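Coordinates in review
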Amino acid sequence: MINVTIYNEFFHEQTYEGIRKVYPEGIHNCIKGFLKTDENLNIRTATFDMEEHGLSKEVLDSTDVLIYWSHAKQDDFSDAVAENIKNRVLDGMGFLPLHSAHFSKTMKLLMGTTMSLKWKHDESEKLFCTCPTHPIASGVPEEILIPKEEMYGEYFDIPKPDDVIYTGWFSNGYVFRSACTWIRGKGKIFYFQPGHEEYPVYYQEEIQKIIKNGVYWCAPVSSSVIIRDCVEVK
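Residues numbered from 1 in each chain as written. Predicted model: local features only at pLDDT ≥ 70, side-chain atom pairs only at ≥ 80, totals over all residues. Heavy atoms only, no water.

1. A closer look at the sheet that holds strand β1 (residues 2-8)
Pairing in this open sheet of nine strands is mixed, and the strands run β2-β1-β3-β4-β9-β8-β7-β5-β6 from one edge to the other. The open sheet terminates on both sides in strands that have one partner only, identified here as β2 (41-47) and β6 (143-153). With strand direction ignored, the average angle separating the axes of adjacent strands in the sheet is 25 degrees. In this structure, strand β4 (residues 94-98) lies alongside strand β9 (residues 187-192), joined through two bridges in parallel fashion. Each bridged residue has a counterpart across the sheet, and for Leu 98 the counterpart in β9 is Phe 192. (Pairing = 2+ DSSP bridges. Helix = DSSP H or I, 4+ residues; strand = E, 2+ residues; numbered from the N terminus. Axes fitted to C-alpha atoms, helices over the stretch in contact; angles between N-to-C directions.)

Right under this line is the structure:
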């Protein structure tokens, strides 16, 4: 069983009618809805207004993979909680930041760069698979069309990824490293760009499949597997 915590600010959906129509129960519950069909995943959610943003040390200690969506409240997010998330990733928790969470305090702590990029609303995006052998791309088409999305464009100020699994091409000509992985300490990080709050991106089956694959890839390896694979050095 993989314990998954989904964090979403849940601010836009409660503030803007147009966004509420797209995600009436919040982005976190949309993601929970398609993940909970997998009996191997145990899902809970957390939102910004909860105590410690719903991400107390106890919650983080019992989380195998943290899915994280943030935008409007990046600066208001607790420094202490961001530090706790970073430490849990270094200790082995998987981290799956989505879309504008690239600019979260936690990602900046883990990446050590500005995480800045170019952006523009109301473009279409085509994702091209640039690492088809990666487990996150398993069972996913080589090309995925997103009819409406917020453009993210290069230069994206990130450390060199271990893998760039999908590269996005936007209708205004910009490209973006849209699906990137890193290892930090014992933890795996998978950043996935699609998912602007105004558009129904998380209802697309291909996007859901990539996120689900990402959860499995990010999940820490059990201690029994690690012990089994060790070789004694004499």
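There is more to say after this.
2. A few points about a nonpolar patch on the surface
A cluster of nonpolar side chains, contributed by Phe 128, Trp 169 and Val 175, occupies part of the molecular surface with about 260 Å² of accessible area. Structurally, Trp 169 can be placed in strand β7 (residues 163-170). (Patch = residues over 30% accessible without salt bridge, like charges linked within 9 Å, V, L, I, M, F, W, Y side chains within 5 Å. Areas by Shrake-Rupley, 256 points an atom, 1.4 Å probe, with all protein chains shown as cover. Salt bridge = Lys/Arg side-chain N within 4 Å of Asp/Glu carboxyl O.)

3. Concerning the nonpolar core
Of all hydrophobic cores here, the largest spans 40 residues; its most connected members are Ile 67, Tyr 166 and Phe 190. It is helix α7 (residues 205-218) that contributes the most residues to this core, six residues altogether. Each residue touching Ile 67, except ones within four places of it in the same chain, is listed here: Val 4, Thr 5, Ile 6, Tyr 7, Ile 31, Leu 35, Leu 96, Leu 98, Ile 211 and Val 215. With 30 residues, the next largest nonpolar core counts Phe 48, Tyr 68, Phe 95 and Phe 176 among its residues. (Core = buried A, V, L, I, M, F, W, Y, C linked by side-chain atoms within 4.5 Å. Buried < 20%, exposed > 50% of the residue type's maximum accessible area, 1.4 Å probe, protein only. Contact = heavy atoms within 4.5 Å.)

4. Re helix α3 (residues 27-35)
Buried within α3 are the following residues: Ile 27, His 28, Cys 30, Ile 31, Phe 34 and Leu 35. Viewed end-on, α3 has its buried residues packed into an arc of 165 degrees, placing them on one side of the element. Contact partners of the buried residues in α3: β1, α1 (12-15), β2, β3 (65-69), β4 and α7. (Arc of directions from axis to C-beta.)

5. Overview of the environment of Thr 15
Considering the arrangement of structural elements, one finds Thr 15 in helix α1. Residue class for Thr 15 comes out partly exposed when judged on its relative accessible area of 40%. Of note is the side chain of Thr 15, whose polar atom sits 2.7 Å from the backbone oxygen of Phe 11. (Polar contact = N/O pair within 3.5 Å; in protein donor to acceptor, adjacent residues only side chain to side chain.)

6. Things to note about the pattern of salt bridges
Oppositely charged side chains may form a pair once their charged atoms are brought near each other. One pass over the structure, following the stated rule, counts nine salt bridges. Notably, a salt bridge pairs Lys 120 with Glu 123, separated by 2.7 Å at the nearest N-O pair. Among the charged side chains, a network of salt bridges with common partners joins Lys 57, Asp 61, Arg 88 and Asp 91.

7. Brief notes about the packing of aromatic side chains
Applying the stated criterion across every chain, the model contains ten aromatic pairs. Here the aromatic rings of Tyr 7 and Phe 77 are separated by 5.6 Å at their centres, their planes lie at 75 degrees, and the arrangement is edge-to-face. Placement of the pair is Tyr 7 in strand β1 and Phe 77 in the loop between β3 and α5 (79-90), with a sequence separation of 70 residues. With 5.8 Å between their ring centres and 50 degrees between their planes, Phe 156 and Tyr 191 make a pair best called tilted. Separated by 35 residues along the polypeptide, Phe 156 in the loop between β6 and β7 and Tyr 191 in strand β9 bring together distant segments of the chain. Take Phe 156 and Tyr 191: they sit in the same class, and that class is buried. Members of the aromatic cluster, joined through ring pairs, are Tyr 7, Tyr 68, Phe 77 and Phe 95. If you follow Lys 108 out to its NZ or CZ, it ends over the ring of Phe 103, 3.5 Å from the centre. Positioned above the aromatic ring of Trp 217 is the side chain of Lys 188, whose terminal nitrogen or guanidinium carbon lies 5.0 Å from the ring centre. (Phe/Tyr/Trp six-rings, centres within 6.5 Å; stacked < 30°, edge-to-face > 60°. Lys NZ or Arg CZ within 6 Å of the ring centre and 35° of its normal.)

8. Some points on unusual backbone geometry
Cis peptide bonds are those with omega within 30 degrees of zero, and the linkage from Glu 154 to Tyr 155 qualifies with 15 degrees. On the secondary structure map, Tyr 155 appears in the loop between β6 and β7. Its identity is not glycine, yet Glu 52 carries a phi of approximately 55 degrees, on the positive side. Examined against the element boundaries, Glu 52 turns out to sit in the loop between β2 and α4 (57-61). Note on Glu 52: relative accessible area 39%, which makes it partly exposed. Phi is positive for Met 115, close to 65 degrees, though the residue is something other than glycine. Note on placement: Met 115 falls in the loop between α6 (105-111) and β5 (118-129).

By themselves, these figures tell us nothing about what the structure is for.
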